[in-house]
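The lines below spell out each chain.
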Amino acid sequence: MSAEPLAPATGDSPDDATDKEQRFPTGPGDAGPGGSGWAALRPLVLRLHFYAGVLVAPFLLVAAVTGLLYAGSFQAEKLVYGHELSVPAGDRELPISQQVAAARKAHPEGEISAVRPSPEDGATTRVLLSGVKGVDPDHTLAVFVDPYTGKVRGALEQYGSTGALPLRTWIDEFHRDLHLGQTGRLYSELAASWLWVIALGGVVLWLSRRRKKRTLRAVALPDRAATGRKRTMSFHGAVGLWVALGLLFLSATGLTWSTYAGANVEDLRAAIGQTTPTVSATVGGGEHAGHHMGSGSMPGMDMGGTGEKAGHTADAGLDSVLRAARAEDLDNPVEIVPPAEPGSAYVVSQIQRSWPEKQDSVAIDPATGEVTDIQRFADYPVLAKLTRWGIDLHTGNLFGIINQIALAALALALILLIVWGYRMWWQRGRASAFGRPIPRGAWRRVPVYVLLPLAAAIAVIGYCLPLLGIPLAAFLAVDIVMGEIARRRGTASAA
């Protein structure tokens, strides 16, 4: 929710009474410095909500618009890349080794970094190649193979664990960093750091404004009979109340993989033993392993697992590896990652991000085809599970299209809240003047026994969320300087 700014209480506007109430609160506990309870805190919250709304809202608007685009990118991807993703369902799939061989014949460049067998009837197999010239080093080239005929349907650049193709990747990176790299990620972290502050502050302000109107309709529904700024505020407050929980969720989950706050979250999880576990890819007999899938004819890799190349020991082969993973109940969708170096194993992982999550992993000895380690999602620590679910819900994966529609609705609501917030700012202006926040010095009305713990809590939160703490400290410094300049000018004028 954006700003609730104030203008001079002049003229006969219907909003003048509201202006006076906010700048000169009345009622029990509201009389001057030393007041207690909410009456003392409300001016401070109102001032913070105003400045945060006005200054941070542009970043939130960009995040909301790009988030809205991303919510629709999943379905757009299916339409744009339908030829690569789908094939007519056949009676019997070819062995995975034959499908990989077909992909390598068409694209011998680079190295195989992973294989994603067809996850369902009518879906293609993806053979992922790394180190391909012209492909972003952080991305792979996905070669799409018809699992029934072995025909290559095409090749596209792919990014991330969800297998985002070029359209979704472009939108994802636009949302995350505006295509500005690591520096650009600061914008999204700033937005996520302040979103919960603005949303929570707005809810508290709205409920306090409606404290005398105890009906659900008065609190949760906009007043359609109102006009002017009151009408705008009515829609702003009511819609903000409905979506506040969703905005708090987006803020919290967005911070979990941000640059600075995300690192603090990771450190905290590590300190309390709640990191995400991984399957061990180390096998005992280093002399058996280590056949990285290379270019061309894939030296050292017998794809069928029945023989061996000159100078290399036999490899269990993809077919045997996949069978071993299936025997451990790793059903589709799965990803097979080949051994990265001597002494390491194949790793087969479930990659289903939708509910119910499938995240089990197994390590398989490349020489024997035996399972050497198993990691079950059911055994993840609580915070690791919550993090996984939170990220997948934030990115629209957990509940599929329903999840994506909900995210689109949240993004649209946030856009409207920002527009209404700026409109209120404009409507509160008198003549050519914009609205103003509540006067400085609101903190003096807060009792010391409330102010000191509050300041300590803000300091801790600001340390954990640097892009909340640093801008807040900067705002306070500028505000103090401006207040001192205004005071000196007033003293000089009086003299």
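A quick note: this is a predicted structure, and the numbers were derived from the prediction, not measured. (Residues numbered from 1 in each chain as written. Predicted model: local features only at pLDDT ≥ 70, side-chain atom pairs only at ≥ 80, totals over all residues. Heavy atoms only, no water.)

Novice: Please explain the pattern of salt bridges as it appears in this structure.
Specialist: Charged atoms that come close allow side chains of opposite charge to pair. In total, this model carries nine salt bridges according to the counting rule given. The shortest N-O distance in the salt bridge between Asp172 and Arg176 comes to 3.1 Å. In this pair, Asp172 and Arg176 both sit in helix 5 (residues 166-177), four residues apart, roughly one turn of the helix. Between Glu328 and Arg376 there is a salt bridge, with its nearest N and O atoms 3.5 Å apart. One end of the pair, Glu328, is in the loop between helix 10 (317-327) and strand 5 (334-337); the other, Arg376, is in the loop between strand 8 (371-375) and helix 11 (382-394), with 48 residues separating them in the sequence. (Salt bridge = Lys/Arg side-chain N within 4 Å of Asp/Glu carboxyl O. Helix = DSSP H or I, 4+ residues; strand = E, 2+ residues; numbered from the N terminus.)

Novice: Quick question: what am I supposed to make of the confidence of the model for the chain here?
Specialist: Low-confidence regions, as indicated by low pLDDT, have predicted coordinates that should not be scrutinised in detail. Residues with a pLDDT of 70 or more make up 82% of the chain, whose mean pLDDT is 85. Within the model, the stretch residues 1-35 combines pLDDT values under 50 with 99 contacts to residues more than four positions away or in other chains. Ignoring residues within four places in sequence, the model shows residues 285-313, a span with pLDDT below 50, making 71 contacts including any to other chains. (pLDDT = per-residue confidence, 0-100. Contact = heavy atoms within 4.5 Å.)

Novice: How should the nonpolar core be read in this particular structure?
Specialist: For soluble globular proteins, nonpolar side chains are generally found buried alongside one another. In terms of nonpolar packing, the biggest core is built from 35 residues, with Leu60, Trp194, Leu195, Ile198, Val243, Leu247 and Leu414 touching the most fellow members. Those elements that provide at least two residues to this core are helix 2 (38-80), helix 6 (185-209), helix 8 (228-256), helix 12 (400-428) and helix 14 (466-494). If you tally residues by element for this core, the top one is helix 6, at nine residues. Non-local contacts of Leu414, meaning those with residues more than four positions away in its chain, are made with Leu60, Ala64, Leu195 and Leu247. The next biggest cluster of nonpolar side chains, apart from the first, holds 24 residues, and it includes Ile96, Val132, Ile336 and Ile364. (Core = buried A, V, L, I, M, F, W, Y, C linked by side-chain atoms within 4.5 Å. Buried < 20%, exposed > 50% of the residue type's maximum accessible area, 1.4 Å probe, protein only.)

Novice: Just to check I follow, could you spell out the packing of helix 6 against helix 8 for this structure?
Specialist: Packed helices, taken two at a time, are described by the angle between their axes plus the distance between the axes. Helix 8 packs onto helix 6 with a crossing angle of 145 degrees between their chain directions and a minimal axis gap of 8 Å. The handedness of the crossing between helix 6 and helix 8 comes out as left-handed. Its residues placed into classes, the contact of helix 6 with helix 8 shows 16 nonpolar, six polar and two charged. (Axes fitted to C-alpha atoms, helices over the stretch in contact; angles between N-to-C directions. Left-handed = near helix turned anticlockwise from the far one by under 90°. Nonpolar A, V, L, I, M, F, W, Y, C, P; charged D, E, K, R; others polar.)

Novice: Is there a simple way to think about the packing of aromatic side chains in this case?
Specialist: Aromatic rings in a pair are described by how distant their centres are and how their planes are angled relative to each other. According to the stated counting rule, one finds 11 aromatic pairs in the structure shown. On the basis of an interplanar angle of 45 degrees and a centroid distance of 4.7 Å, the ring pair of Tyr51 and Phe475 is categorised as tilted. Linking Tyr51 in helix 2 with Phe475 in helix 14, this pair joins segments that are 424 residues apart in sequence. Three or more aromatic residues joined by ring pairs make a cluster, and in this case those are Phe50, Tyr51, Tyr422, Trp425 and Phe475. (Phe/Tyr/Trp six-rings, centres within 6.5 Å; stacked < 30°, edge-to-face > 60°.)

Novice: So what exactly am I meant to see when it comes to the environment of Pro342 here?
Specialist: Locating Pro342 in the fold gives a position in the loop between strand 5 and strand 6 (346-350). Along the backbone, Pro342 and Thr282 are 60 residues apart, and their C-alpha atoms lie at a distance of 9.1 Å.

Novice: Explain the side chain of Asp172 to me, please; I cannot follow it from the model alone.
Specialist: Given the relative accessible area of 16%, Asp172 is considered buried. For Asp172, the contacting residues outside a window of four places in its chain are Tyr70 and Tyr159.

Novice: Looking at this model, I keep getting lost on unusual backbone geometry. Mind explaining?
Specialist: One can expect most non-glycine residues to show negative phi and most peptide bonds to be in trans. Cis geometry is found at the peptide bond from Asn332 to Pro333, where omega equals -5 degrees. Note on placement: Pro333 falls in the loop between helix 10 and strand 5. Following Trp355, the chain continues into Pro356 via a peptide bond in cis, with omega recorded as -5 degrees. Inspection of the secondary structure puts Pro356 in the loop between strand 6 and strand 7 (361-364).

Novice: Explanation requested: the packing of helix 2 against helix 5 in the structure shown.
Specialist: Their axes nearest at 8 Å, the elements helix 2 and helix 5 cross at an angle of 170 degrees. If you check the angle between helix 2 and helix 5, you find them roughly antiparallel. Taking contact as the criterion, the partners of Ala63, Thr66, Gly67, Leu69, Tyr70, Ser73, Phe74, Ala76, Glu77 and Val80 in helix 2 are, on helix 5, Leu167, Arg168, Ile171, Asp172, Phe174 and His175. Here the residues of the contact of helix 2 with helix 5 are counted per class, giving nine nonpolar, four polar and three charged. (Parallel < 35°, antiparallel > 145°, perpendicular 65-115°, else oblique.)

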